[in-house]
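Chain residues, written in single-letter form:
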Amino acid sequence: MNMENNNSKKESFKLDKLLPCYLYISKSEPILEERIQSVKSHLRGKVNFDTDFKAFDGVEGIDEEEFTNYINTPSLFSSKKIVVIKHMDKVSSSLQKRVSDLATEAPGNSGNIVFFITALTQKLNTSLLDSIRRAGKITQLKAPLSGSLKKWLDEKSQSDGVRFTEKAASLLIENINMDFNLLKRQYDKLYDYISSEEKKVIDENTVKALVNRIYSLKIFDLVDSIGNRDKDGSMKALKSVLDDGQNLIGLVTLIHRMFKCFLYIKSGNSSSLVTDYIGNSMKVQPYFIGSLVNKYIKSSDNYNKNEILGVFKILNKYDIGFRVSSIKDEQLAKKLILEIIDIN
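Procedures and definitions
Residues numbered from 1 in each chain as written. Predicted model: local features only at pLDDT ≥ 70, side-chain atom pairs only at ≥ 80, totals over all residues. Heavy atoms only, no water. Salt bridge = Lys/Arg side-chain N within 4 Å of Asp/Glu carboxyl O. Helix = DSSP H or I, 4+ residues; strand = E, 2+ residues; numbered from the N terminus. Buried < 20%, exposed > 50% of the residue type's maximum accessible area, 1.4 Å probe, protein only. Pairing = 2+ DSSP bridges. Axes fitted to C-alpha atoms, helices over the stretch in contact; angles between N-to-C directions. Parallel < 35°, antiparallel > 145°, perpendicular 65-115°, else oblique. Contact = heavy atoms within 4.5 Å. Nonpolar A, V, L, I, M, F, W, Y, C, P; charged D, E, K, R; others polar.

Undergrad: What should I look at first to understand the pattern of salt bridges in this one?
TA: Within the structure shown, the criterion is met by 15 salt bridges. Two residues, E166 and K150, come together in a salt bridge whose shortest N-O distance is 3.7 Å. One end of the pair, E166, is in helix α6 (residues 166-175); the other, K150, is in helix α5 (residues 146-159), and 16 residues separate them in sequence. Using a relative accessible area of 55% as the deciding quantity, one classes E166 as exposed. By relative accessible area, K150 is classed as buried at 19%. The salt bridge involving K334 is made with E330; its shortest N-O contact spans 3.4 Å. Within this pair, K334 and its partner E330 are both found in helix α15 (residues 330-341), separated by four residues, close to a single helical turn.

Undergrad: Please explain the pairing of strand β5 (residues 113-119) as it appears in this structure.
TA: Put simply, side chains in a regular strand alternate between the two faces of the sheet. Taken across its seven residues, β5 has seven buried, putting it largely inside the fold. The alternating pattern of β5 places I113, F115, I117 and A119 and V114, F116 and T118 on opposite faces, both of which are buried. Strand direction decides the pairing type here: strand β4 (residues 81-86) and β5, joined by five bridges, are parallel. Bridge assignment links I85 to a residue of β5, and that residue is I117.

Undergrad: So what exactly am I meant to see when it comes to the packing of helix α2 (residues 64-72) against helix α3 (residues 93-104) here?
TA: Any two packed helices are characterised by the angle at which their axes cross and by the distance between the axes. At a closest axis distance of 12 Å, the pairing of α2 and α3 adopts a crossing angle of 10°. Put simply, α2 runs roughly parallel to α3. Listed contacts from α3 to E64, F67, T68, I71 and N72 of α2 are S94, L95, R98, V99 and L102. Across the contact of α2 with α3, the residue classes tally to five nonpolar, three polar and two charged.

Structure below.
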């Protein structure tokens, strides 16, 4: 059986060396997503992503006709066609069996197909597991321990000439929910802030001010997508928030705050007024406020003044709706978001 347990062991992504199938199993969703992003990064420039790279997700449901059409379409611009299947443990038994057959089929139309599969459990179709063991590779990815994240943080901050207090380091690791990718992004944010300070020590208060917990980050992503009039991004962000089991009680307030800033900007007021407003309504550090102001100035171009005034009326209506309805009402949230984005 070809099984690995090493998260960091590098794989060969030379197209002519790729095996027919790779299965990654982990209890950690972020770890699996990180591996798929790594695969994409290594294949960029080697595979035409428009025609010969396609991802399917078992959680969202896989259209088997669409899957079949993609599999049966000859590769146009690449020597390999790449198929990513996320959450294989949620895929129907019939489709798992189909993938099993394709992975071990004799060279032919399927010979140029490479599968990259993820699953949160090993409870998959037996024939699929057997096929991958024979023709491909199964890798068990372990979620990082807090100790390994702390070690990375200590080494990285030391090399950058920055010091975290013990409480600050613990809080940062807690807030990113053991997500290594998020740890790197949040570290960069903290480093950008502290690098301009004479005393380069990050304490607990700095982390509290600049690093929100996972849910807070996701709901702010949702609000940002609305500000950018990005329907697809808004729906994905909403799904992410709801998948976490979080409520939407603060959504109207956050949207209202953003559009009030838009109104200040459209009215010709200086950024200092917007900065003061955010500073009075949010207990955060100046660095974060400045970043938010710059973001709002850019996003305000997506709505004219009349549309902004109209949004306030929409928010008032939906604020009442959220109070009398379920605060997890997905349909109500979708209607709110689309009504704002489509306003004219």
